[in-house]
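Residue-level structural notes
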Amino acid sequence: MEYRELKNGYKSSLLGYGCMRLPLMDDGQTVNEVETEKLLMKAYKNGVNYFDTAWPYHGGQSERVVGKIMKQLPRESFYLATKMPAWFVNSLEEAEKVFKEQLEHLQTDYIDFYLLHAMNRGSYDKLKNLGIVDMLQTYKDEGKIKNYGFSFHDDYDAFEYIIKDREWDFCQIQFNYVDKDTQATMKGYELAKELGVPLIIMEPVKGGSLASIPKDVIGPMDEYRPGLTPAAWALSWVGTFDNVKVILSGMTTMEQLDDNLETFKEFKPLSDAEMAAMEKVNEEITARSQNGCTGCKYCMPCPKGVNIPRNFAIWNNYHKFMNRGGAQWEWSQMPEAERPYSCVKCGKCETMCPQKINIRDDLEKVGKEMKELFS
Ligand code: SF4
Ligand code: SF4
């Protein structure tokens, strides 16, 4: 197992266990504790020492199940990470209560890596104004938190604002070979490195999409390392960056765990030639987009409530990754009123689109295709 050094003398396995996609019972909701224990124990025995959970994962079950299983092991032999749910707390007292309950769920008296969860500029300001950012620093001073950081979902400017606002022990961003220009972006990676803030990576396989990309796209990579799976290529790309200290993978099955353990057993960063070939894979994936929507939202709001960029994102991602399950889930999460069927073809949006997209025609295509696929 590859290990990397963070701050404060901490040394973590490069592969971290993301506990947001644990195996479920037949009801599709209850975490299967027996299977989860087999997975976490196997990961631990094979050198994984970073286990990441959060208050909302599996409706609160994740923290409890992880706490119960990890309790069997010597506490100093692994790291626990969990997070303060910014959207859930509206006062210092509520944040205090959440933290206390998290310690109880995890059956521990300290958290190794504690994060402000899913920060954007607004949620960070909220936690600061409520005094929660300072309160958690006090917890760190008291030893209840060993490393203090934040996880991030916003644009580069917000990332720069938050990361420069105080001294952080680490931060967690979305980073993979097709998402170099979204959220914190590659510029954010460089900034964190320059500031000496170690990075924990989430979505290295883009929610599973990069594990199932078509063979004709990833196939040419066989020339370099025959038989490496698409997921292994994605993880290896992320691990090639030296300020990446932990790569979180939300493993649900033993097969996924075994594949990931194999990747990190004797981790080999990608060579320059392999990085260049991966860039070609990225270009090939991008070329499968159905239109050039950048998600800029200049076309919004639509007077009829159609969520134009969201429709196009689902459509383009489906064609790029051919991840039917992922697209179906995204589609099911979108309210009916935001779907293309509400469009009355007034054309107002098209006058605003810098990409000159024929929005009305494309929305019609999205609506037709999604209906054929998912109804
Ligand atoms: S053409 Fe359709 S999507 Fe565009 S603004 Fe009009 S109703 Fe909304
Ligand atoms: S203005 Fe054009 S590019 Fe921007 S989100 Fe709307 S459709 Fe996409």
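Model, not experiment: these values are computed from the prediction.

**A word on the packing of helix H6 (residues 156-163) against helix H7 (residues 185-195)**
Two elements in contact, H6 and H7, have axes separated by 9 Å at closest approach and are oriented at 15°. As judged from the angle between their axes, H6 and H7 are roughly parallel. Crossing angle aside, the handedness with which H6 passes H7 is right-handed. Of the residues in H7, those in contact with Tyr156, Phe159, Glu160 and Ile163 of H6 are Thr185, Lys187, Gly188, Leu191, Ala192 and Leu195. Across the contact of H6 with H7, the residue classes tally to 6 nonpolar, 2 polar and 2 charged.

**Remarks on the site of ligand 2**
Taken together, 14 residues lie near ligand 2, and Cys293, Cys296, Lys297, Cys299 and Cys353 sit nearest. At a threshold of 2 Å from the grid points, most atoms of ligand 2 map onto the second largest cavity. Per-element tally for the shell around ligand 2: the top contributor is helix H12 (residues 308-321), with 3 residues. A class-by-class count of the residues in the shell around ligand 2 yields 10 nonpolar, 3 polar and 1 charged.

**Examining the site of ligand 1**
Close to ligand 1 lie Cys302, Pro303, Lys304, Ile308, Cys343, Val344, Lys345, Cys346, Gly347, Cys349, Arg360 and Leu363, which account for all nearby residues. When atom positions are compared with the pocket grids, ligand 1 is found to occupy the largest cavity. Among the residues making up the shell around ligand 1, the classes are represented as 8 nonpolar, 1 polar and 3 charged.

**Topic: the domain arrangement of the protein**
Along its sequence, the protein is carved into domain 1 (3-280) and domain 2 (308-374). Taking only C-alpha atoms into account, the centre of domain 1 sits 30 Å from that of domain 2. Taken together, the 9 residues of domain 1 in the interface contact 4 residues of domain 2. At the boundary of domain 1 with domain 2, total buried surface from both sides reaches about 430 Å², with 61% on carbon and sulfur atoms. Between the two partners, domain 1 and domain 2, sit 0 salt bridges. Counting every contact that joins domain 1 to domain 2 gives 0 residue pairs in polar contact (both at pLDDT 80 or more). Partitioning the side of domain 1 that touches domain 2 into residue classes produces 4 nonpolar, 4 polar and 1 charged.

**Let's talk about the pattern of salt bridges**
Applying the stated criterion to the full structure yields 24 salt bridges. Here Glu203 makes a salt bridge to Arg21, at a shortest N to O gap of 3.7 Å. On the criterion of sequence distance, the pair formed by Glu203 in the loop between strand E9 (199-202) and helix H8 (215-218) and Arg21 in the loop between strand E3 (15-18) and helix H1 (33-45) is long-range, its members being 182 residues apart. For Arg21, a relative accessible area of 32% gives the class partly exposed.

**Things to note about the sheet that holds strand E10 (residues 244-249)**
Taken in spatial order, the 8 strands of this closed barrel run E3-E4-E5-E6-E7-E8-E9-E10, and their pairing is parallel. Taking the axes of each pair of neighbouring strands and ignoring which way they run, one obtains an average angle of 30° across the sheet. In this sheet, strand E8 (residues 170-174) lies alongside strand E7 (residues 145-152) in parallel orientation, the contact comprising 3 bridges. Along E8, the bridge assignment pairs Phe150 with Cys171. Most of the contacts of H6 go to E7, to which it runs at about 160°, and overall it touches strand E6 (111-119), E7 and E8.

**Here we look at the layout of surface pockets**
Taken as a whole, the second largest pocket spans an internal volume of roughly 180 Å³. Broken down by element, the lining of the second largest pocket gets its largest block of residues, 3 residues, from helix H10 (residues 254-265).

**Examining the side chain of Asn282**
Mapped onto the elements, Asn282 comes out in helix H11 (residues 272-287). Asn282 sits in the buried class, given a relative accessible area of 9%. Excluding its chain neighbours within four sequence positions, the residues that come into contact with Asn282 are Tyr177, Val178 and Lys180.

**Thoughts on the nonpolar core**
With 88 residues, the main nonpolar core has Tyr17, Met84, Leu116, Leu136, Phe150, Phe159 and Tyr177 as its most contacted residues. Ranked by residues supplied to this core, first place goes to helix H9 (residues 230-239) with 6 residues. Not counting residues up to four positions away in its chain, the partners in contact with Met84 are Val89, Ala95, Val98, Phe99, Tyr114, Leu115, Leu116, His117, Ile132 and Leu136. Counting 20 residues, the second largest nonpolar core, distinct from the first, contains Cys302, Phe312, Met334 and Phe374.

**Some points on the packing of H12 against helix H14 (residues 359-374)**
It is the contact of H12 with H14, at a shortest axis distance of 10 Å, that shows an interaxial angle of 55°. Relative to H14, the element H12 is oriented oblique. The element H12 and its partner H14 pack so that their crossing is left-handed. Contact with H12, carried on its side by Ile308, Asn311, Phe312, Ile314, Trp315, Tyr318 and His319, involves Ile359, Asp362, Leu363, Lys365, Val366, Glu369, Met370 and Leu373 of H14 and no other residues of that element. Residue composition of the contact of H12 with H14, grouped by class: 10 nonpolar, 2 polar and 3 charged.

About the cut-offs
Residues numbered from 1 in each chain as written. Chains lettered and ligands numbered in written order. Predicted model: local features only at pLDDT ≥ 70, side-chain atom pairs only at ≥ 80, totals over all residues. Heavy atoms only, no water. Axes fitted to C-alpha atoms, helices over the stretch in contact; angles between N-to-C directions. Helix = DSSP H or I, 4+ residues; strand = E, 2+ residues; numbered from the N terminus. Parallel < 35°, antiparallel > 145°, perpendicular 65-115°, else oblique. Left-handed = near helix turned anticlockwise from the far one by under 90°. Contact = heavy atoms within 4.5 Å. Nonpolar A, V, L, I, M, F, W, Y, C, P; charged D, E, K, R; others polar. Near = heavy atom within 4 Å. 1 Å grid on protein atoms, 1.4 Å probe; cavity = no way out; pocket = protein on both sides within 12 Å on 5 of 7 lines; lining within 4 Å. Sits in = over half its atoms within 2 Å of the grid points. Domains from an automatic or database assignment. Buried area = accessible area lost by both parts, 1.4 Å probe. Salt bridge = Lys/Arg side-chain N within 4 Å of Asp/Glu carboxyl O. Polar contact = N/O pair within 3.5 Å; in protein donor to acceptor, adjacent residues only side chain to side chain. Buried < 20%, exposed > 50% of the residue type's maximum accessible area, 1.4 Å probe, protein only. Pairing = 2+ DSSP bridges. Points joined across faces, edges and corners; volume = space filled by probe spheres on them. Core = buried A, V, L, I, M, F, W, Y, C linked by side-chain atoms within 4.5 Å.

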